[in-house]
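Descriptive structure summary
So you can see what is in the structure, the chains are spelled out below.
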Amino acid sequence: MYAVHPAAASAELAQFLDLGGYAWKPVASAADVTAGAPPEGWAGAIIRLDSGGGNDSGGSGGTDVAWAVARALRENAAATLPVLVLVRGNALDELTMRDELFDDFCLDPFHPRELEARLAHLAAASNGGSTEIIDYGPLRINLDTYEAVVDERPLDLTYMEYELLRFLASQPGRVFTREALLNQVWGYEYYGGARTVDVHVRRLRAKLGEENADLIQTVRSVGYRLGTYRWR
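The structure presented is a predicted model; accordingly, all values stated were derived computationally and were not measured. (Residues numbered from 1 in each chain as written. Predicted model: local features only at pLDDT ≥ 70, side-chain atom pairs only at ≥ 80, totals over all residues. Heavy atoms only, no water.)

**Some thoughts on helix α4 (residues 112-126)**
Over its 15 residues, α4 extends 21 Å from the first C-alpha to the last, a length consistent with the 21 Å expected when each residue adds 1.5 Å. For α4, the set of buried residues is Pro-112, Arg-113, Leu-115, Ala-117, Leu-119, Leu-122 and Ala-124. (Helix = DSSP H or I, 4+ residues; strand = E, 2+ residues; numbered from the N terminus. Expected span 1.5 Å × (residues − 1). Buried < 20%, exposed > 50% of the residue type's maximum accessible area, 1.4 Å probe, protein only.)

**Digging into the pairing of strand β1 (residues 2-5)**
Along any regular strand the residues' side chains alternate between the sheet's two faces. Neither face of β1 is exposed, since Tyr-2 and Val-4 on one face and Ala-3 and His-5 on the opposite face are all buried. At this point the chain moves from β1, through helix α1 (residues 11-19), to the parallel strand β2 (residues 24-26), and the crossover so formed is right-handed. The pairing of β1 with strand β3 (residues 44-48) spans four bridges and is classified as parallel. In the strand pairing of β3, His-5 is matched with Ile-47. (Right-handed = clockwise from strand over helix to strand, strands pointing away. Pairing = 2+ DSSP bridges.)

**Focus on unusual backbone geometry**
Cis rather than trans, the peptide bond between His-5 and Pro-6 has omega equal to 10°. Within the fold, Pro-6 resides in the loop between β1 and α1. Of note, the bond from Asp-108 into Pro-109 is cis; its omega dihedral lies within 30 degrees of zero at 10°. Note that Pro-109 resides in the loop between β5 (104-107) and α4. In this structure, Tyr-146 takes a positive phi of about 60° despite not being glycine. With respect to the helices and strands, Tyr-146 occurs in the loop between β7 (139-142) and β8 (147-150). A residue is classified by how much of its surface remains accessible, and Tyr-146, at 32% relative accessible area, is partly exposed. Positive phi, normally seen in glycine, also occurs at Ser-221, with a value near 70°.

**Section: the packing of helix α5 (residues 159-169) against helix α6 (residues 178-186)**
It is the contact of α5 with α6, at a shortest axis distance of 10 Å, that shows an interaxial angle of 115°. Between α5 and α6, the angle falls in the class roughly perpendicular. Classified by chirality, the crossing of α6 by α5 is right-handed. Contact residues: α5 offers Met-160, Glu-163, Leu-164, Phe-167 and Leu-168, while α6 offers Leu-181, Gln-184, Val-185 and Trp-186. Grouping the amino acids of the contact of α5 with α6 by side-chain chemistry returns seven nonpolar, one polar and one charged. (Axes fitted to C-alpha atoms, helices over the stretch in contact; angles between N-to-C directions. Parallel < 35°, antiparallel > 145°, perpendicular 65-115°, else oblique. Left-handed = near helix turned anticlockwise from the far one by under 90°. Contact = heavy atoms within 4.5 Å. Nonpolar A, V, L, I, M, F, W, Y, C, P; charged D, E, K, R; others polar.)

**A word on the confidence of the model for the protein chain**
Across the protein chain, the average pLDDT comes to 84, with 88% of residues at or above 70. When the elements of the protein chain are averaged for pLDDT, α4 gives the smallest value, 81, and strand β11 (residues 216-219) the largest, 95. Low pLDDT (under 50) marks residues 51-60, which in the prediction has 13 contacts with non-local residues, meaning those over four places away or in another chain. (pLDDT = per-residue confidence, 0-100.)

**So, the packing of α5 against helix α7 (residues 195-208)**
The N-to-C vectors of α5 and α7 enclose an angle of 85°; their axes lie 10 Å apart at closest approach. Classified by the angle their axes make, α5 and α7 are roughly perpendicular. Residues Met-160, Glu-161, Leu-164 and Leu-165 of α5 touch α7, and the partners they reach there are His-200, Val-201, Arg-203, Leu-204 and Lys-207.

**Describing α1**
All of the buried residues in α1 are Leu-13, Ala-14, Phe-16 and Leu-17. In a view along the axis of α1, the buried residues occupy a sector of 160°, so they form one face of it. In this structure, α1 carries Ala-11, Asp-18 and Leu-19 as exposed residues pointing more than 90 degrees from its buried face. At its buried positions, α1 is contacted by β1, β2, β3, β4 (83-87) and α4. Looking one or two residues beyond α1, the residue adopting positive phi is Gly-21, at roughly 75°. (Arc of directions from axis to C-beta.)

Printed below as a string of structure tokens:
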């Protein structure tokens, strides 16, 4: 179960956690870290720096409480817990000289797919650091480092290009409509048109190269899929 501060989690964060199937519990203060801990202990924590005391007003008081929660998690946990900090771009200075209190951060407002990827990376690292790899034909995707190679050639991908390729490669042969890809890759709050998917597919094919462009196949009047053959 994740500890989430502030106790009054924003609607978008609560929706992200619920839709993603994350078990979570609000933590209002450092005292709640011990008093509110589940029997199995905390699995990790998400802390919003610009919110404290159950409001979004920001201010030094809010960030002081947030850091107190992070410090309590570090001091009271039997093992080091993965702590992710949500921070606004104008508050990045808050991270300075506090490296020991968190493991990663994500800019707020966050993109659901980016936050999901960062949480997965922290979970993998806390479970022994095993590397997760997707292999499909000439394509290899490292889920921990957000890197992809084709025929051993590194691909220079934008974040959304990587996420689209990762999603398609995780379910090879399955056909997805453009609407499904918009929802699953760009997130439930994205309202872009289907052309967004077409543009990203075209860019991915160009970066895969002429010899591998057909890894991403168009299914006429339906959508796209990655490949038709089985995993190696």
